[in-house]
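# An overview of the molecular structure
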Amino acid sequence: MFAYIIRRALQSILVMAAVAFVAFALFQYMGDPINQMVAQDATLEQRDALRKLLGLDRPFYVQFLLFLKNLLTGNFGFSFRVGTPVAQIIAERMPATLELVFVAALFALFVGVPAGVYTGLHRHGAISRFMLTVSLIGVSLPTFLIGILLILIFAVMLGWLPSFGRGQTVQLGFWSTGFLTASGLKALILPSITLGLFQTTLIMRLVRAEMLEVLRADYIKFARARGLTNRAVNFGHALKNTLVPVITIAGLQIGGLIAFAIITETVFQWPGMGFLFITSIQFVDVPIMSTYLVLVALCFVIINLIVDLLYFAVDPRLRIDRSVSAH
Amino acid sequence: MPVWHHLRDLVRRFLASDVFYSFRRSPTVMIAFGLTLLFMVAAALAPWIVPHNTYEVASLNLMDAFLPPAWVEGGKLTYLLGTDDQGRDVFSTIVLGARVSLLVGFASVFLALTMGVALGLIAGYVGGITDSIIMRVADVKLSFPAILIVLLIDGVARGLLPRDLHDKAAVYVIILAIGLSTWIQYARTVRGLTLVEKNKEYVQAARVIGLHPILIMFRHVLPNVMGPVLVIGTLGLGIAVLTESTLSFLGVGVPPTEPSLGTLIRIGNNFLFSGEWWMAIFPGLFLVILVLSVNLLGDWLRDALNPKLR
């Protein structure tokens with residue numbers, strides 16, 4: 001068990017090093033940063049002096065180590081386009097994305113799990129079939145199209161909800177939140193549904209499949225034979241036993257939510273990190289691109305690691321399998 | 001005429017096969033197949049069959065801009081689904097756009113398939129350290145969503161190429177990006193199957209008579225692992241078309257001069273608020289129908305080729 005954790009952690013560090021290297025390569029080879037900094041008519045000597053000052057004349061590996069040191073101390077350089085520190089820009093954008101992802105995840109859980117339980121219990125019911133069909137169409141619709149349709153219906157035709165931006169936000173220290181104002185909450189509805197819909201259908205299908213599996217088990221029959229109420233059997237026994245895989249998958253999907261926030265944020269002009277990333281690609285703003293990349297990779301690696309360890313802790317069978325296959 | 005006989009036998013065998021039987025039994029699959037075929041033929045012949053050639057700037061008439069679909073008041077019958085902001089016929093741009101989307105889809109699937117199958121075969125057949133390296137790379141890539149990798153590759157290309165050149169090369173950049181980010185699935189599947197096939201008698205026999213490993217891999221093992229690859233390829237086509245349209249919608253894909261379906265939706269999205277809904281909704285509808293048909297075909301193929309499910 002301990003060896004497994006160490007191995008997994010080492011693997012994660014290796015992945016992060018690889019991502020940091022890619023980010024560093026982006027810095028190195030996408031245009032000469034000196035050209036961005038000096039005046040047009042700077043002489044060759046002036047350029048060389050600046051290069052020396054910034055340490056750009058040093059060997060490759062020294063520069064890479066310096067880059068790593070900068071990353072670890074939170075020094076991500078300056079945006080080519082705006083000229084402000086990247087750390088500051090990202091810190092301003094991060095709350096918007098995290099709030100969106102949080103609400104989308106809640107939406108996915110609180111709609112997906114009950115829908116899955118319902119369709120699992122009433123397999124052949126008309127409502128179940130309807131829900132499954134809708135979920136199939138939902139999976140085939142690309143995220144941005146769902147966003148456009150929601151905007152068309154609820155913002156353009158009905159005029160109930162705003163179609164872009166975060167509404168009014170309240171500044172709490174460094175964190176700007178949209179949770180505390182009515183317009184902020186209203187602005188969250190459409191983007192979080194758009195972002196969470198795919199995960200909702202995924203969780204619903206997963207819970208349904210697990211429920212069907214579990215409901216056939218002997219201990220469910222026994223629980224019914226003991227005369228327990230349907231409610232106690234379905235929720236106390238069946239649902240409880242479906243939750244392990246659901247928690248794992250849901251955890252892994254949070255990474256997906258962060259990645260797909262890029263699309264949702266663009267559709268709804270949501271001032272988050274994903275929107276920032278797309279604009280930085282369009283303007284080839286390398287420092288922002290590589291910082292975003294490193295941050296998202298960090299999120300992914302941490303989530304994967306936690307989920308792996310959780311799995312390990314929750315399911316004792318895995319431990320046995322590992323030790324057997326290791327021999 | 002031996003060739004003719006051979007062909008007739010093949011058709012007969014196909015008509016009597018399980019796959020064709022399950023195809024004939026499912027109306028949904030037949031409709032999906034028909035629609036996919038229709039899309040492909042229309043896309044292939046697009047420049048010759050569209051009612052208005054929207055690539056020719058001279059034929060555009062700005063007086064006809066923003067016309068609604070023909071059945072809405074103010075619409076003209078020659079512009080069945082309406083016109084866009086530059087007076088381009090929406091139906092024609094959709095057919096031409098589907099051509100670009102499918103081109104990117106097929107090309108990127110071809111790239112991913114070739115790369116993934118080759119690497120999977122080598123990893124599975126050779127084993128050892130080669131296998132470890134290929135599969136570790138796959139593991140790392142698999143822990144990130146494909147869309148991020150595609151965006152990254154596209155961003156790098158943008159930085160390396162000058163702007164005017166990038167617009168011309170955009171389609172190829174996207175094909176490369178999608179191909180490079182989706183080969184893993186093929187590689188994993190093929191590797192797993194190769195590990196099983198490797199120990200069968202026919203491979204051992206081929207080895208005993210001294211055939212070259214490359215010949216064994218591609219001549220003998222490959223045909224036996226192609227079934228699942230075909231399924232992944234079909235489903236991959238739908239995903240590739242969706243990824244391309246997402247990129248184009250985000251504004252980092254195909255440029256507006258030769259728009260794909262995603263680019264059209266992006267353009268149409270700008271006019272959603274002024275009430276010109278048809279510019280975004282119709283390309284979106286065609287995109288969904290195309291992807292849904294391809295996905296249904298892929299699902300069916302998976303079930304039909306899997307003997308365990310019969």
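Bear in mind the structure is a predicted one, so any value in this text is a computation, not a measurement.

### Concerning the overall build of chain B
On a plain count of helices and strands, chain B comes out with 11 helices and zero strands. Counting from the amino terminus, chain B carries its helices and strands in the arrangement α-α-α-α-α-α-α-α-α-α-α. Relative to its 310 residues, chain B shows a buried fraction of 44%. Restricting the contact set of chain B to residue pairs at least 6 apart, pairs at least 24 apart contribute 68%.

### Considerations on the confidence of the model for chain A
Regions with low pLDDT carry predicted coordinates that are not meant to be interpreted in detail. Residues and elements named next belong to chain A. On average, chain A scores 78 in pLDDT, and the residues at 70 or more come to 88%. Mean pLDDT values for the elements of chain A range from 52 in helix α13 (residues 316-326) up to 87 in helix α5 (residues 86-121). Segment residues 321-327: pLDDT under 50, and one contact once partners within four positions in sequence are set aside and those in other chains are kept.

### Examining unusual backbone geometry
Residue and element names in this part refer to chain A. The backbone of Q269 sits at a positive phi, close to 50°, despite the residue not being glycine. Mapped onto the elements, Q269 comes out in the loop between α10 (230-267) and α11 (273-282). Q269 sits in the exposed class, given 12 other C-beta atoms within 10 Å.

### Section: the nonpolar core
Where a protein is soluble and globular, its nonpolar side chains tend to be buried together. With 150 residues, the main nonpolar core has L100(A), L257(A), I94(B), A98(B), I174(B), Y186(B) and A187(B) as its most contacted residues. With 18 residues, the single largest contributor to this core is helix α4 (residues 90-126) of chain B. Leaving out residues up to four positions away in the same chain, L100(A) has contacts with L188(A), P191(A), S192(A), L195(A), A261(A), W270(A) and G272(A).

### Regarding the confidence of the model for chain B
All names here are of chain B. With 89% of its residues at a pLDDT of 70 or more, chain B has an overall mean of 81. Taken element by element, the predicted model of chain B shows its lowest mean pLDDT in helix α2 (residues 18-25) (75) and its highest in α4 (89). Taken over the whole predicted complex, pTM reads 0.80, whereas the ipTM for its chain interfaces reads 0.75.

### A short note on the interface of chain A and chain B
Residue-level contacts link 28 residues of chain A with 32 residues of chain B. Looking at the side of chain A that touches chain B, the elements that each hand over two or more residues are α1 (2-29), α7 (143-157), α10, α11 and α12 (286-314) of chain A. When grouped by side-chain class, the residues that make up the side of chain A that touches chain B number 22 nonpolar, six polar and no charged.

### Examining α11(A)
By the criterion of burial, α11(A) is predominantly enclosed, with eight of the 10 residues buried. Taken from the residues just after α11(A), V284(A) is the one with a positive phi, measuring 50°.

### Observations concerning the packing of helix α6 (residues 146-160) of chain B against helix α9 (residues 213-250) of chain B
All names here are of chain B. Between α6 and α9, the least distance of the axes is 11 Å, while the angle of their chain directions is 55°. The angle between the axes of α6 and α9 places the two elements in the oblique class. Crossing handedness for the pair α6 and α9: right-handed. Judged by residue contacts, A146, I147, V150 and D154 of α6 engage T243, T246 and L247 from α9. Tallied by class, the residues present in the contact of α6 with α9 amount to four nonpolar, two polar and one charged.

### As for helix α10 (residues 261-269) of chain B
For α10(B), a buried count of nine out of nine residues is recorded, marking the element as mostly surrounded by other parts of the structure. Where α10(B) is concerned, the buried positions are L261(B), G262(B), T263(B), L264(B), I265(B), R266(B), I267(B), G268(B) and N269(B). For α10(B), the secondary structure elements touched by its buried residues are α7 of chain A together with α4, α9 and α11 (278-305) of chain B.

### Things to note about the environment of Q282(A)
With respect to the helices and strands, the residue Q282(A) is situated in helix α11. Judged by local crowding, Q282(A) falls into the partly exposed class, with 14 C-beta atoms found within 10 Å. Here the alpha-carbon distance between Q282(A) and G74(A), two residues 208 residues apart in the chain, equals 25 Å. Here Q282(A) is in contact with G251(B) and V252(B), once residues within four sequence places are set aside.

Definitions and limits used
Residues numbered from 1 in each chain as written. Chains lettered and ligands numbered in written order. Predicted model: local features only at pLDDT ≥ 70, side-chain atom pairs only at ≥ 80, totals over all residues. Helix = DSSP H or I, 4+ residues; strand = E, 2+ residues; numbered from the N terminus. Buried ≥ 20, exposed ≤ 12 C-beta atoms within 10 Å, placed from the backbone. Contact = placed C-beta atoms within 7 Å. pLDDT = per-residue confidence, 0-100. Core = buried A, V, L, I, M, F, W, Y, C linked by C-beta atoms within 7 Å. Nonpolar A, V, L, I, M, F, W, Y, C, P; charged D, E, K, R; others polar. Axes fitted to C-alpha atoms, helices over the stretch in contact; angles between N-to-C directions. Parallel < 35°, antiparallel > 145°, perpendicular 65-115°, else oblique. Left-handed = near helix turned anticlockwise from the far one by under 90°.

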